[in-house]
Amino acid sequence: MKGNIDWNIWVTERLIAVAAVFAVLLSAFQIWQGITASLASPTFRPIHLSWVLVLVFLVKPLFSQKATPSVYLLGRVLDLLCILVTVWATWRISIFDYDDMSFLMDGLQPADTLAGVLVIAMLLEATRRTVGAVMSWLAIVFILYAMFGANLPDAIASNSFSIEEMIRFHIFSTNGVYGAPLGIAAGVVFTFVLFGAFLQVTGAGQFFIDCAFALAGKYRGGPAKASVVASAALGSISGSAIANTVTTGSLTIPMMKKLGYRPEQAAGIEAAASTGGQIMPPVMGAGAFVMAQFTGIAYADILMVSIVPSILYFLSALLYIHLMACKLGLQGMSQTERIKVVLMRGWHFLAPLLFITVLLMMSYSPVLVGIAGCGAILAASLFRKSTRVSLALIIQGMKEGALMALPISVACASAGIIVGVIGQTGIGLQFTQFLLAMSGGQLWSVLGLIAIAALVLGMGLPVTAAYIVLSVMAVPALTGLGVSLLAAHMIVFWLSQTSNITPPIALAAFAGAGIAHASPMKSAIQAMKLAQGFFLIPIMMAHGSLIWMHEFALVPFILSVVYTLALIVSFAGSIEGRLFHPLSVWARAMLFIGALALALLDSDMINIAATIGIAMIAALNQLKGRQVLNARTD
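Calculation criteria
- Residues numbered from 1 in each chain as written.
- Predicted model: local features only at pLDDT ≥ 70, side-chain atom pairs only at ≥ 80, totals over all residues.
- Heavy atoms only, no water.
- UniProt positions renumbered as here; feature names shortened; annotations may be inferred.
- Helix = DSSP H or I, 4+ residues; strand = E, 2+ residues; numbered from the N terminus.
- Buried < 20%, exposed > 50% of the residue type's maximum accessible area, 1.4 Å probe, protein only.
- Polar contact = N/O pair within 3.5 Å; in protein donor to acceptor, adjacent residues only side chain to side chain.
- Contact = heavy atoms within 4.5 Å.
- Domains from an automatic or database assignment.
- Buried area = accessible area lost by both parts, 1.4 Å probe.
- Salt bridge = Lys/Arg side-chain N within 4 Å of Asp/Glu carboxyl O.
- Expected span 1.5 Å × (residues − 1).
- Bend = angle between axes of the 7 residues up to and from the residue.

The name given to the protein chain in an unreviewed UniProt entry is Transporter, and the organism recorded there is Vibrio furnissii. In the Function (unreviewed entry) part of its UniProt record, the protein chain is described as follows: "Part of the tripartite ATP-independent periplasmic (TRAP) transport system." In its Subcellular location (unreviewed entry) section, the UniProt record describing the protein chain reads: "Cell inner membrane".

Written out as structure tokens, the structure reads:
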């Protein structure tokens, strides 16, 4: 038996070594393409996806390494066959002559059609291995809908398309597999994922965590608040709420438990904070780049309007954490490093973040900004002997960056199929009409339905893919009710994040639960409570003034921020049962009513009255808290 297991390990180790070489070469190719832009999109995107698929088949075997040698070897043979099929099909697609327009009249050659079918089949299998079977089946359902839509009931029927028409649309055009979602993943997203990998290998990631503990560790519930600060700094660049939960949570969750937080609370706090990193500028995961492509709005503008809402989200999380610490009677950490000491040790790592933020604000190409950021972080590491990186670490960063990008590229390519079918069949218009009919034309009702759809999609799709699919179908319903295009996309983008922290499938919360040795479902419930901002702030975005552009008035924007803060405080107080001091039943009820008024009734008079009422309850609660404290002191 030992010999059999060793044989499996021997094969695995050598294939992993080959995959490592391919991963480093992929990063080098992406940097070269980003700098030179030598390959046009119809050539570059197929090559990128082919490279990604080859890596997936190398690092994600068909059968587990624990299988018997014969089964494992058979799986590896099939993996190599998938690689050969992928390479041949991509070669056939890359030599396709788009200048010869005869294919529009006569159709594709049989070999071209076969190549397209094989690419889609390989993509769906790679999606199953990296993202999950749900997304693969969802893409298959949409493909079947496009092929047999004419046979469905009139309410959801569409024209039916032949296999040749499907391949022509989804492979030999920019509407499907090689469409905008993959283009963004292959360009901008890859370079920033690589930047995040270099942050880790140079030690910059640990520096930001140390800064967070120095800033927030000494306050009540210190490790939990440090988790929020660290996730705000790192979550945007990591590109994944789950990766951020594992990275920062491995340090913060044990410290939260030691301080006195229950395991489920510690896991929920980290998951909520890490998920918030995906909406924090300057990078905002991958979604903001997709949003810029879909809306035609400059990324710099999206970055600017995202700053205040993201700060409001983290203030909301910090408020819940503080109230939770007060209820548990927790204090801060007994010893923390001084922020001055931490900054003196790693101040040079701040320069790359400032550098890429300035370049993005100046509307430089995001791809080049990402590459410049990679160079900047490596250059910054040279300023101190303790942080200088060797060639081996640089290669390790290139390898890890490429491997981290695999599920993103695969998910975006599969999402391209779904988006393509929506455009090809017109089902998006039917979905919009369905939303409007179900909601009765009420904005709050549409938001609720979109939130439910985002949750359902998020159970099987990564956040970026869920946003891509949902934005195509739901944004028209929001704009039809008077919501601006950018606000509508921002609402869908925020709601798409909720699947990471909302039961029954909350992957970020589950990852935190694994570290905390806690109940996954209870951890998800705690995370959802702490991440109320994902549900409350989009409501205020829909009301119009929280997404502030240059042409909007400043006063309504400031009032909208005040109303949002009042909404956050009122919900937190009504749920936790305290602000400065435990709240009475009637005070909690009044806070809840005020929150509902702010969320559902878009009226200036009602908003002002509700905000004043919430402020009065908070002031009375603070006064009562002081009286109790003085009585105890006396």
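Student: Even after reading the chapter, I still don't get the side chain of Ser136, so can you show me in this structure?
Tutor: Topologically, Ser136 is positioned in helix H6 (residues 133-148). Looking at Ser136, the relative accessible area reads 5%, which means it is buried. Of note is the side chain of Ser136, whose polar atom sits 2.8 Å from the backbone oxygen of Leu124. When neighbours within four sequence positions are excluded, Ser136 is seen to be in contact with Leu124, Thr127 and Arg128.

Student: Would you mind going over the domain arrangement of the protein chain with me for this structure?
Tutor: Accessible area lost when the parts come together is the quantity often used to give the size of an interface. Domain annotation for the protein chain reports domain 1 (7-177), domain 2 (182-422) and domain 3 (555-633). Here the C-alpha centre of domain 2 lies 30 Å away from the C-alpha centre of domain 1. Each partner contributes to the interface: domain 1 provides 37 residues, whereas domain 2 provides 27 residues. Where domain 1 abuts domain 2, roughly 2,700 Å² becomes buried across the two surfaces, and 84% of that area is made up of carbon and sulfur atoms. Taken together, the links from domain 1 to domain 2 amount to zero salt bridges. There are four residue pairs in polar contact (both at pLDDT 80 or more) connecting domain 1 and domain 2.

Student: Can you help me understand helix H18 (residues 391-425) in this one?
Tutor: Each α-helix winds once per 3.6 residues, and so residues spaced three or four apart point in a common direction. Taking 1.5 Å of rise per residue, the 35 residues of H18 would be expected to cover 51 Å, and the 51 Å separating its terminal C-alpha atoms lies within 8% of that figure. In the structure, H18 departs most strongly from a straight axis at Ala405, where the bend amounts to approximately 35 degrees and where the proline Pro407 lies between one and four residues downstream.

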